[in-house]
Amino acid sequence: MKRNLIILLAVALGFPMWINAQEIKVTRFEPSRVGSVIARFNPAFTNTGEACAVLRVYVNGDDYIIEPNLLSVKDTTLAGEIRLWVPPGTSRLTVRRKGLKPLLGYEIPIRVETKTDYDVDIETITKPLPQLSRNHVYLGAGYNIISLSAPYLVVGANLNHHQIELGAAYGLNKSDDLFFYDVNADLKAGYNYNAISASLTYGYEIPVSDFFYITPMAGVSYLAYLGNEASSSTKGTDYKNANALSAIGGVRLSVGFGKSFRLCITPEYQTAVYKDKNCKLFTSYDDTMKSWHTGFNLNVGLLVYF
């Protein structure tokens, strides 16, 4: 299980490298400033005999693919320039470059006429990383898996990328039954245990793109073990409650939907820094109970920002 989680962490942390902050843009489309030399002295014709226009596309790389909506009659590639002979009336361009989101259906702002050269500048530009427009608070809900199976709620505040968050979770998985005996070695009671936790974390939010965010986080978690009588259908009869305090470290990966919603996944690791006497006793008998305060967690949830 731990090996699989380590692999998941590596993939998740590598994901931002696939989010490209660059985009393709057409920055100029106009009749050639040096006149229609190519279209007139090196012409090409459509199947219906119309003389083509020539698009002189200036690019900052050698891996661009330019696709006019009416298809080009012929093309040639020079250093920093792609020449396309296109039918008059061509109205859209699609531009592709390896590793980037294609520019689909760019609308040509002027009419493409026969026997005319056009200068077209196409660039790959780097977009500035988005900045948080304002401070905000948020609420969230989700589910914790792997060590402690538990629904959780969070409330947080973000001030200039600095994030403080309070969380609470209620464990649904239970320990094996533990049996307690009196001084005469007679069975006194049988109990199993589940847990509730409360956490306080600090994080720093890093915008990677318009919709993807990374938030390294660290904090503490308090865990209370609640004993339930194994022979009874009623809950809440506590017997030898136990407590632990753990340090937490993790990374939240979140994807935004609009301005208010983010879907997030948070791989984290926690390790107990304090265990009371009962906690030490219980976890020496039951590995499941030990994993609730020391081990890997994976939180999946939805955050709503205000």
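Everything numeric here is computed off the predicted structure, so don't read it as measured data.

What follows deals with the confidence of the model for the chain. Across the chain, the average pLDDT comes to 86, with 85% of residues at 70 or higher. Note that residues 1-20 has pLDDT below 50 and, in this model, 23 contacts with residues that lie over four places away or in other chains.

Tallied over the full model, the rule gives 1 cavity of 30 Å³ or more. If you add up the space inside the largest cavity, you get close to 380 Å³. Along its surface, the largest cavity is lined by 28 residues, and Asn-144, Ser-199, Ile-248, Glu-268 and Asn-299 are the ones closest to its centre. Listed by contribution, the elements that provide at least two residues to the lining of the largest cavity are strand S10 (150-159), strand S11 (162-170), strand S13 (187-204), strand S15 (212-229), strand S16 (242-257), strand S17 (261-275) and strand S18 (295-305). Residue contributions to the lining of the largest cavity peak at 5 residues, all from S11. Taken together, the residues that form the lining of the largest cavity break down as 12 nonpolar, 13 polar and 3 charged.

With that out of the way, let us pick up the sheet that holds strand S5 (residues 81-86). Reading across from one edge, S1-S8-S2-S5-S4 is the order of the 5 strands in this open sheet, with mixed pairing throughout. Each end of this open sheet is capped by a strand with a single partner; those strands are strand S1 (22-31) and strand S4 (74-78). Each strand axis lies, on average, 20 degrees off the axis of its neighbour in the sheet, ignoring direction. Sheet topology note: the strand S2 (residues 53-58)/S5 ladder contains 6 bridges and is antiparallel. Paired with Ala-53 across the bridge in S5 is Val-86.

Right, let's talk about the nonpolar core for a bit. Within soluble globular proteins, side chains that are nonpolar generally end up buried alongside one another. The biggest cluster of nonpolar side chains holds 22 residues, and the ones touching the most others in it are Tyr-193, Tyr-225, Met-289 and Trp-292. Listed by contribution, the elements that provide at least two residues to this core are S10, S13, S15, S16, helix H3 (277-285) and S18. Ranked by size, the runner-up nonpolar core spans 21 residues in total, among them Val-57, Val-59, Ile-82 and Leu-84.

In this section: the pattern of salt bridges. The final tally for this structure, using the stated rule, is 12 salt bridges. Between Glu-113 and Arg-111 there is a salt bridge, with its nearest N and O atoms 3.5 Å apart. A salt bridge links Arg-252 to Glu-165; its shortest N-O distance comes to 2.8 Å. On the criterion of sequence distance, the pair formed by Arg-252 in strand S16 and Glu-165 in strand S11 is long-range, its members being 87 residues apart. For Glu-165, a relative accessible area of 5% puts it in the buried group. Connected through salt bridges with shared partners, the residues Arg-28, Glu-30, Arg-33, Asp-119 and Asp-121 form a single ionic network.

This paragraph deals with the pairing of S17. Where S16 meets S17, 12 bridges bridge the pair, whose relative direction is antiparallel. Bridge assignment links Phe-257 to a residue of S17, and that residue is Phe-261. Connecting S16 to the antiparallel partner S17 that follows it, the hairpin turn spans 3 residues, and Gly-258 within it adopts a positive phi of roughly 70 degrees. Sheet topology note: the S17/S18 ladder contains 10 bridges and is antiparallel.

Now for the environment of Leu-71. Take Leu-71: it is sitting in the loop between strand S3 (64-68) and S4. When sequence neighbours within four positions are dropped, the list of residues in contact with Leu-71 reads Val-86 and Pro-87.

The rules behind the values
- Every chain's residues receive numbers from 1 upward, in the order its sequence appears when written.
- Totals for whole chains, interfaces and linings use all residues, but because this is a predicted model, local features are given only for residues with pLDDT of at least 70 and pairs of side-chain atoms are given and counted only at 80 or more.
- To get the side-chain values, take all heavy atoms of the structure and skip hydrogens and water.
- Scored from 0 to 100, pLDDT reflects the predictor's confidence in each residue.
- Residues count as neighbours in contact if any of their non-hydrogen atoms are within 4.5 Å of one another.
- A pocket here means an open set of points on a 1 Å grid, computed over the protein atoms alone, that has protein on both sides within 12 Å along at least five of seven lines. A cavity is instead a set of points where a 1.4 Å probe fits but cannot get out; residues with an atom within 4 Å of a point line either one.
- Grid points are joined across faces, edges and corners, and a volume is the space filled by probe spheres set on the points.
- A helix here means a DSSP run of H or I that spans at least four residues, while a strand means a run of E at least two residues long, and both kinds are numbered starting from the N terminus.
- For this classification, the nonpolar set comprises Ala, Val, Leu, Ile, Met, Phe, Trp, Tyr, Cys and Pro, the charged set comprises Asp, Glu, Lys and Arg, and every other residue, Gly included, is treated as polar.
- A pair of strands is treated as paired once DSSP finds two or more bridges between them.
- Axes here mean lines fitted to C-alpha atoms, for a helix over just the part in contact, with angles spanning 0 to 180 degrees between N-to-C directions.
- Buried residues of nine kinds, namely Ala, Val, Leu, Ile, Met, Phe, Trp, Tyr and Cys, make up a nonpolar core once their side-chain atoms join them within 4.5 Å.
- Each residue is assigned to one of three classes by its accessible area relative to the maximum for its type, calculated with a 1.4 Å probe on protein chains only: buried under 20%, partly exposed between the two thresholds, exposed over 50%.
- Salt bridges are defined by distance alone: a side-chain nitrogen of Lys or Arg within 4 Å of a carboxyl oxygen of Asp or Glu.

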